[in-house]
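# Architecture and fold: a report
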Amino acid sequence: MTDAQTDGVPARRIESIIGPSIEAMGYALVRVMITGGRRPTLQIMAERADGSGMNVDDCAEISRSISAILDVEDPITGEYTLEVSSPGIDRPLTRLDDFRRFAGFEARIDMAELIEGRKRFGGRLIGVDEADRVLLETAPGVREALPFEGIARAKLVLTDELVAASAPAGREGA
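Reading the values: the criteria
All chains use their own residue numbering, which begins from 1 and follows the written sequence. pLDDT decides what is reported in this predicted model: residues at 70 or higher carry local features, side-chain atom pairs at 80 or more are listed and counted, and totals for whole chains, interfaces and linings draw on all residues regardless. Remark: hydrogens and water are excluded; side-chain values derive from all non-hydrogen atoms of the structure. We define a salt bridge as a contact between a side-chain nitrogen of Lys or Arg and a carboxyl oxygen of Asp or Glu at a distance within 4 Å. Buried means the residue's accessible area, taken with a 1.4 Å probe over protein chains only, is under 20% of the maximum for its type, while exposed means over 50%, and partly exposed covers the values in between. Whether two strands pair depends on DSSP finding at least two bridges between them. Each helix corresponds to a stretch of at least 4 residues labelled H or I by DSSP, and each strand to a stretch of at least 2 residues labelled E; elements are numbered beginning at the N terminus. Under this scheme, a helix contributes an axis fitted over its contacting stretch, all axes are lines through C-alpha atoms, and angles between N-to-C directions fall in the 0 to 180 degree range. By definition in these notes, contact holds between two residues if any of their heavy atoms fall within 4.5 Å. Throughout this description, the term nonpolar core refers to a set of buried Ala, Val, Leu, Ile, Met, Phe, Trp, Tyr and Cys residues connected via side-chain atoms within 4.5 Å. Patch membership requires over 30% relative accessible area and the absence of a salt bridge. Like charges are linked within 9 Å, and nonpolar side chains (Val, Leu, Ile, Met, Phe, Trp, Tyr) within 5 Å. Residue exposure ignores everything except the shown protein chains as possible cover, and the areas themselves are Shrake-Rupley values with a 1.4 Å probe. In this analysis, the expected span of each helix is defined as 1.5 Å times one less than the number of residues it contains. In this scheme, the bend at a residue equals the angle between the axes fitted to the seven residues that finish there and the seven that begin there. Definitions used for this entry: grid spacing 1 Å over protein atoms alone; cavity, a set of points where a 1.4 Å probe fits but cannot get out; pocket, an open set with protein on both sides within 12 Å along at least 5 of 7 lines; lining residue, one with an atom within 4 Å of a point. Grid points are joined across faces, edges and corners, and a volume is the space filled by probe spheres set on the points. When residues are sorted by character, Ala, Val, Leu, Ile, Met, Phe, Trp, Tyr, Cys and Pro go into the nonpolar class, Asp, Glu, Lys and Arg into the charged class, and all the rest, Gly among them, into the polar class.

## Description of the pattern of salt bridges
As enumerated under the stated definition, the model contains 14 salt bridges in all. The residue R133 makes a salt bridge to D129 at a minimum N-O spacing of 2.6 Å. Classification of D129 as buried rests on a relative accessible area of 10%. Taken together, the shared-partner salt bridges in this structure form one network comprising E47, R91, R95, D98 and R101.

## Structural notes on the sheet that holds strand β4 (residues 41–48)
An order of β3-β4-β5 is seen for the three strands of this open sheet, with the pairing classed as mixed. A single partner strand is all that each edge strand has here, and the edge strands are β3 (27–35) and β5 (81–85). This sheet shows a mean twist of 20 degrees between the axes of neighbouring strands, independent of strand direction. By the bridge criterion, eight bridges tie β3 to β4 in an arrangement that is antiparallel. Following the sheet pairing, A28 is matched in β4 by E47. Against the sheet, helix α1 (residues 11–24) makes contact with β3 and β4, and its axis sits at roughly 155 degrees relative to β3, the strand it touches most.

## A short note on the nonpolar core
In terms of nonpolar packing, the biggest core is built from 20 residues, with L93, F99, I109, L125 and I151 touching the most fellow members. Those elements giving two or more residues to this core turn out to be α3 (96–101), β6 (106–115), β7 (118–128), β8 (133–139) and β10 (151–156). The biggest single contributor to this core is β6, with four residues. Residue contacts for I109: discarding those within four places in its chain leaves F99, K119, R120, F121, V134, L136, L146, I151, R153 and A154.

## Thoughts on a nonpolar patch on the surface
A cluster of nonpolar residues, I89, L158 and V163, forms a patch on the protein surface that exposes about 240 Å² of accessible area. Counting through the fold element by element, V163 comes out in helix α4 (residues 160–166).

## Regarding the sheet that holds β10
Reading across from one edge, β9-β8-β7-β6-β10 is the order of the five strands in this open sheet, with antiparallel pairing throughout. Both outer strands of the open sheet, β9 (142–147) and β10, are each paired with one neighbouring strand and no more. Taken over all neighbouring pairs, the strand axes of this sheet differ in orientation by 40 degrees on average, direction set aside. Where β8 lies against β9, six bridges are found, and the strand directions are antiparallel. In the sheet register, A139 faces β9, and the bridge partner there is V142.

## Quick word on α1
For α1, built from 14 residues, the straight-helix expectation of 20 Å at 1.5 Å per residue is met to within 8% by its first-to-last C-alpha distance of 20 Å. Along α1, the sharpest change in direction is near 40 degrees and occurs at I18; proline P20 comes one to four residues later. Restricting attention to buried positions, one finds in α1 the residues A11, I14, I17, I18, G19 and I22.

## Brief notes about the layout of surface pockets
Left-over empty space is what a probe sized like a water molecule reveals as it rolls over the atoms. Its boundaries defined by the atoms lining it, the second largest pocket holds a volume of some 440 Å³. In terms of lining, the second largest pocket is formed by 17 residues, of which the most central are G51, G88, R91, R101 and S166. Contributions of two or more residues to the lining of the second largest pocket are made by β4 and α4. At three residues, the largest contribution of residues to the lining of the second largest pocket is made by α4. Of the residues in the lining of the second largest pocket, the class split is seven nonpolar, six polar and four charged.

Here is the structure:
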């Protein structure tokens, strides 16, 4: 996927700095994004590696840990705001594994470059093929194979089906 940056600092560099620590804590890094101008915001999105739900304490724990690492490494010049969050139900899809894991759900994908005259695609995720192309059914019987490296942004679409699948066990219909 494409790499967001500010002040010449690529998000992938920050990901490489904090990723090992987050993983050692039992979390998976979902996305690193840098936005803003004079005082940028560094958004870290993570989830529990075991798939259980995140809470505010998890976000605080991650924030404390990576704040110390970022203070030492100092990858962003000047002041910035650190924001740590969970991906939420209509989460971004940033890793090949996300496209496999959420096969069967609706997604919206924006490509960095035109593919057959289009940049935006929406439909039901089918998965990933052996060439690391994301497979999407855009209409009944119509499939698109989108190169993962060309994806600028992708996220799940909030549907009743996704909400039901995201409900904690024993809470369906609540």
